[in-house]
Amino acid sequence: MKQLILTLILVTLSAPTCLGDWVEVSDVQITGVIKTSQGLPLPGASIHFLSRSAGKRVTVFANKSGRFTIDLPLGVFMATAEARGYATGRRQVSISGEQ
């Protein structure tokens, strides 16, 4: 079975609340790309983010360039990428308020 490569990039903080010098982060925007092991984009792949502590699962789909963007709250997630004909890719993602 062919392999998937899941790349995640922390992009920006979205919807922060400022209180003087203190910034409280509510969500973080994550951008990523799904590629085959040959480096080709994999459009239509599904990417699931599961937070076991919150009991929440969010799904996003890769566009025609294999890219996706999602806003997630702070926490630890298991990111799972799936596409027909490819082995499932998994990566733990930890999002904290520290930069």
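Sequence order sets the numbering: in each chain, residues are counted from 1 along the sequence as written. Where totals are concerned, whole chains, interfaces and linings use all residues; where local detail is concerned, this predicted model gives features only for residues with pLDDT of at least 70, and gives and counts side-chain atom pairs only at 80 or more. The basis for the side-chain values is all heavy atoms of the structure; hydrogens and waters are excluded.

## Section: the packing of aromatic side chains
- When the centres of two rings from Phe, Tyr and Trp lie within 6.5 Å, Trp using its six-membered ring, the rings pair. Their planes under 30 degrees apart give stacked, over 60 give edge-to-face, and anything left gives tilted. Summed over all chains, the structure comprises 1 aromatic pair.
- A centroid spacing of 6.2 Å and a plane angle of 50 degrees characterise the contact between Phe49 and Phe68, whose relative ring orientation is tilted. With Phe49 in strand S5 (residues 46–51) and Phe68 in strand S7 (residues 67–73), the pair connects residues that are 19 residues apart, well separated along the chain.
- To sort residues, take the accessible area from a 1.4 Å probe on protein chains only and compare it with the maximum for the residue type: under 20% means buried, over 50% means exposed, and anything in between is partly exposed. The class for Phe49 is buried, based on a relative accessible area of 0%.
- Take Phe68: its relative accessible area is 3%, and that puts it in the buried class. Labels follow the DSSP assignment, with helices taken as runs of H or I lasting at least four residues and strands as runs of E lasting at least two, numbered in each case from the N terminus.

## Things to note about the nonpolar core
- Counting 19 residues, the largest nonpolar core has Ile34, Ile47, Phe49, Leu72 and Ile95 as the members making the most contacts within it.
- Of all the elements in the fold, those that place two or more residues in this core are strand S4 (27–36), S5, S7, strand S8 (75–82) and strand S9 (89–95). We call a set of buried Ala, Val, Leu, Ile, Met, Phe, Trp, Tyr and Cys residues a nonpolar core when their side-chain atoms join them within 4.5 Å.

## Describing the confidence of the model for the protein chain
- Values of pLDDT, the confidence the predictor places in each residue, fall between 0 and 100. Across the protein chain, the average pLDDT comes to 79, with 73% of residues at 70 or higher.
- Taking the mean pLDDT of every element in the protein chain, the minimum, 45, falls on strand S2 (residues 17–19) and the maximum, 94, on S5.
- The contact definition used throughout considers only heavy atoms, calling two residues in contact when any of these lie within 4.5 Å. Predicted confidence is poor over residues 10–20, with pLDDT under 50, and the contacts of this stretch with residues over four places away or in other chains come to 23 contacts.

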